[in-house]
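Residue-level structure breakdown
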Amino acid sequence: MILSASGLVKTFPGVRALDGASLSLAAGSVHALLGENGAGKSTLVKILTGVYRPDGGTIELDGKPVHFTGPLDALRAGIGVVHQERNLVTEFSVAENIVLHHLPRRFGVVRRSRVRDEARRCLDLLDLDLDPDAPVSTLSVAQAQLVEIAKALSVDNRVLLLDEPTASLTGDEADRLYAIVRKLTGSGHAVVLVSHKLEEVFAVADTVTVLRDGRSVAEGQPLSAYTRDEVVDLMVGRAHAAVSLAARTPLSSDAAALSLTDVATSYGHADVSFDVAPGEIYGLYGLVGAGRTELAKALLGLGSVTAGTVSVHGTPVRISGVGEALRRHRIGYVTENRKEEGLFLEQPITRNIGVTVWHRLTRLGLIRDRAEASLVDDYRQRLGIRLATPKQLAGQLSGGNQQKVSLAKWLAADCGILIVDEPTVGIDVRTKAAFHELIAGLAGQGMAILLISSDLPEIVTLADRIGVMAGFRLRGELPNDGDYERMSQSIIRLIHTPLIPAAPH
Ligand SMILES: Nc1ncnc2c1ncn2[C@@H]1O[C@H](COP(=O)(O)OP(=O)(O)OP(=O)(O)O)[C@@H](O)[C@H]1O
Ligand SMILES: [Mg+2]
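Report follows, based on the coordinates. (Residues numbered from 1 in each chain as written. Chains lettered and ligands numbered in written order. Predicted model: local features only at pLDDT ≥ 70, side-chain atom pairs only at ≥ 80, totals over all residues. Heavy atoms only, no water.)

Quick notes on the site of ligand 1
Lining the immediate surroundings of ligand 1 are 20 residues, of which Gly38, Lys41, Thr43, Ser398 and Gly400 lie closest. Contact between ligand 1 and Lys41: an oxygen atom at 2.8 Å from a side-chain N or O atom of the residue. Within the side chain of His196, a nitrogen or oxygen atom sits 2.9 Å from an oxygen atom of ligand 1. Summarising the interface, the protein chains cover 91% of the accessible area of ligand 1, which totals 640 Å² for the free molecule. Elements represented by at least two residues in the shell around ligand 1 include exactly strand S2 (15-25), helix H1 (41-48) and helix H15 (399-411). Residue classes in the shell around ligand 1 are distributed as six nonpolar, twelve polar and two charged. A domain-level breakdown of the shell around ligand 1 finds at least three residues from each of domain 1 (1-78 + 157-165 + 180-241) and domain 3 (258-495). (Near = heavy atom within 4 Å. Polar contact = N/O pair within 3.5 Å; in protein donor to acceptor, adjacent residues only side chain to side chain. Areas by Shrake-Rupley, 256 points an atom, 1.4 Å probe, with all protein chains shown as cover. Helix = DSSP H or I, 4+ residues; strand = E, 2+ residues; numbered from the N terminus. Nonpolar A, V, L, I, M, F, W, Y, C, P; charged D, E, K, R; others polar. Domains from an automatic or database assignment.)

Structural data, given as structure tokens:
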């Protein structure tokens, strides 16, 4: 074994995140580390990379015990990592971030041209067309994720730990990453992959450890020994029930809830037209950088609509921000970027969920604790939020549980129109199914939903119609027939069709 850990224990106030977890990693293998939200995966990754010190247990590298004193210590030992949450220095450029830990120097002086060349090499590995000099603050969530991966690949580490590396990536980008992963393991490297995308896991991993409540329940077995359902049962701890969505017919209505006509934006969109009816789920699909998030932002006034019309229930509107969207138009917006825009990480869970419905929770200007607590309890049950107490700070939740809190806040808000951007990123399979049921239920009650997602199975599961965006334009719209294979082929074809058909010879 190149790396092995056993009996790891880690306690946070009120939570035992790891309770005797073990993991063994062989050279040349891709090892899947699976478990439900809050099972302890990221905590284990952080211990193996020197971010946290364990309260108990041992770690061995090449059969020798090691005690990492910090992240750089683990890096020096040849262990690279892509953490679940982004860790880039936003004021620095893409290139500076990529080579941060091994700046090319000569006589102590950083050599700018070498920094750029080295960064270009890493970006090229991922086929990533980004300006190395661009400040990281200008990147989208997905681009930042790709830069983190490029950074991890910039050093030739023997062990690479990837915690949800493809959470906000589409299939194309994920495929590119996994091609590199295969090349690495082919030359004797070892990779640990944490992911809730089980299709990907089954396609690339060969061995598996499943964590449940901080303990390893399957350890190092070949993945081929299990079916997908068996893996889910192991994560959940019992036989899980499959969820199938009830059939839903969009309400017929004279006025669309949300409609766009020939919209152009400050981000560079042109000629975007589509509408979402009450009771309809409209899926917006596209590759990273297609302009879907920017379109939502422009609609909500975080960028601007420069031409064309946006109407809400038939009335042309110009919205100046997320707060106004909710108050005046009953439009909710689940942002893709939960860490920076979606949550108050330093505030308790109660405040985070209650923020959209304060008017319901206050009496004589005071927040009623009981009302707040019962609201949290409702969503804790519905979405399976794993928390120590409702007063726990949102920033202390596991990644998936933070995402659930940012969803709960908008689901509670009683909107007429809900724009959700990558709603199930990092959410475990069981909760994902529960969330899909909730969304379908809300549509069934007449809510109009604009679903932006890079998760094609999710779009095909939920959407009534699918708009395909590429290069800041809507390339086409497809009715969803629910057949995944057929839909994905039609969508890919639309993405790759040139905008202006070539003239016949
Ligand atoms: N810094 C912290 N302070 C307090 N509690 C924490 C902290 N980090 C993690 N926890 C708790 O430890 C438990 C395990 O969290 P961890 O992040 O390891 O889960 P995970 O398996 O990575 O989940 P996810 O799939 O949601 O990313 C959770 O209950 C979480 O709330
Ligand atoms: Mg995690």
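Examining the side chain of Lys10
Mapped onto the fold, Lys10 is located in strand S1 (residues 3-12). The side chain of Lys10 sits in the buried core without any salt bridge; Asp55 is the nearest counter-charge, 4.1 Å away. Ignoring anything within four residues of it in the chain, the contact list for Lys10 reads Val15, Arg16, Ala17, Leu18, Thr43, Ile47, Tyr52, Arg53, Pro54 and Asp55. (Buried < 20%, exposed > 50% of the residue type's maximum accessible area, 1.4 Å probe, protein only. Lys, Arg positive; Asp, Glu negative; His and termini not counted. Salt bridge = Lys/Arg side-chain N within 4 Å of Asp/Glu carboxyl O. Contact = heavy atoms within 4.5 Å.)

Comments concerning the packing of H15 against helix H16 (residues 429-444)
Packed helix pairs are specified by the crossing angle of their axes together with the interaxial distance, meaning the distance between the axes. Close contact between H15 and H16 brings their axes to 13 Å; oriented N to C, the two are set at 15°. Looking at the two axes, H15 sits roughly parallel to H16. Crossing of H15 over H16 shows left-handed handedness. Side by side, H15 and H16 meet where Lys404, Leu407 and Leu411 of the first sit next to Thr431, Phe435, Leu438, Ile439 and Leu442 of the second. Split into classes, the residues belonging to the contact of H15 with H16 amount to six nonpolar, one polar and one charged. (Axes fitted to C-alpha atoms, helices over the stretch in contact; angles between N-to-C directions. Parallel < 35°, antiparallel > 145°, perpendicular 65-115°, else oblique. Left-handed = near helix turned anticlockwise from the far one by under 90°.)

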